[in-house]
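A closer look at the structure
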Amino acid sequence: YIRPGPLVEILRHRPPFGYAWGYWDFMSPVPREEGSAFYNPEESYPFVAFPPYPRGLVRALSMDVVRHVARASEQQQLRLVFGDDPCLGVHLRQIVKSPDAPIPMLTIDDRDSYRAFAMEPSCNIGLWSHVSERSWVAHHVTPEQIQCMWNVDM
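Everything numeric here is computed off the predicted structure, so don't read it as measured data. (Residues numbered from 1 in each chain as written. Predicted model: local features only at pLDDT ≥ 70, side-chain atom pairs only at ≥ 80, totals over all residues. Heavy atoms only, no water.)

1. What to know about a nonpolar patch on the surface
Nonpolar side chains collect at one region of the surface, where Phe26, Met27, Ile108 and Tyr114 lie side by side and expose about 440 Å² of accessible area between them. With respect to the helices and strands, Tyr114 occurs in helix α4 (residues 113-116). (Patch = residues over 30% accessible without salt bridge, like charges linked within 9 Å, V, L, I, M, F, W, Y side chains within 5 Å. Areas by Shrake-Rupley, 256 points an atom, 1.4 Å probe, with all protein chains shown as cover. Salt bridge = Lys/Arg side-chain N within 4 Å of Asp/Glu carboxyl O. Helix = DSSP H or I, 4+ residues; strand = E, 2+ residues; numbered from the N terminus.)

Here you go:
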């Protein structure tokens, strides 16, 4: 669930190029257990940790970053790993490190994300990323929860 107004307001004051905003995960270990939901064998990704990647449902990329990723994808230069969140981090790292046409600069920004995101659709303060009065993004919500939040907003 997202309230777009605060996101648009934040992005109005951010760089228009070489920019990626989101709720970033840094140094996330690559799951190696075969039963894991995000299992990646060493053959597909030989490193112990993923590069930084934006988690959850809201990610903002400047258009030049989108174009670099799209171009690399069209040229089949992108490594695919399991899990859409870490896969985007892998792709961003690849366009920065590209030997052919690297993106000149990539700023990864998580300012305001930790106060805005609720990764748990609950008001239980015992959870690590619960909904609060400052939240404008809630992840992993059910249709009923979306309807409830919509009713509160309207």
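There's more to say after this.
2. Topic: the environment of Gln145
Of note, Gln145 is situated in helix α5 (residues 143-153). The class of Gln145 is partly exposed, set by a relative accessible area of 25%. Separated by 24 residues in sequence, Gln145 and Pro121 place their C-alpha atoms 7.9 Å apart. Not counting chain neighbours up to four residues away, the residues in contact with Gln145 comprise Pro121 and His140. (Buried < 20%, exposed > 50% of the residue type's maximum accessible area, 1.4 Å probe, protein only. Contact = heavy atoms within 4.5 Å.)

3. Topic: helix α3 (residues 84-97)
One turn of the α-helix equals 3.6 residues, which is why residues spaced by three or four share an orientation. With 14 residues, α3 ought to run about 20 Å at 1.5 Å a step, and its terminal C-alpha atoms sit 20 Å apart, in line with that. Within α3 the residues assigned to the buried category are Asp85, Pro86, Cys87, Leu88, Gly89, Val90, His91, Leu92 and Ile95. (Expected span 1.5 Å × (residues − 1).)

4. A word on the side chain of Asn40
You can see Asn40 is positioned in the loop between β1 (19-25) and β2 (53-61). Among the polar contacts listed, one links the side chain of Asn40 to the backbone oxygen of Phe38, at a separation of 3.0 Å. Once you skip the residues sitting within four places of it in the chain, Asn40 turns out to touch Val30, Pro31, Arg32, Phe50, Val81 and Phe82. (Polar contact = N/O pair within 3.5 Å; in protein donor to acceptor, adjacent residues only side chain to side chain.)

5. Quick notes on the pattern of salt bridges
Opposite charge on two side chains lets them pair, provided their charged atoms get close. Across all of its chains, the model carries six salt bridges by this definition. Arg55 is the salt-bridge partner of Asp25, the closest N and O atoms lying 3.9 Å from each other. Placement of the pair is Asp25 in strand β1 and Arg55 in strand β2, with a sequence separation of 30 residues. Residue Arg55 is classed as partly exposed on the basis of its relative accessible area of 24%. Sharing partners across several salt bridges, the network here consists of Arg14, Asp109 and Arg111.

Read these as geometric descriptors, not functional statements.
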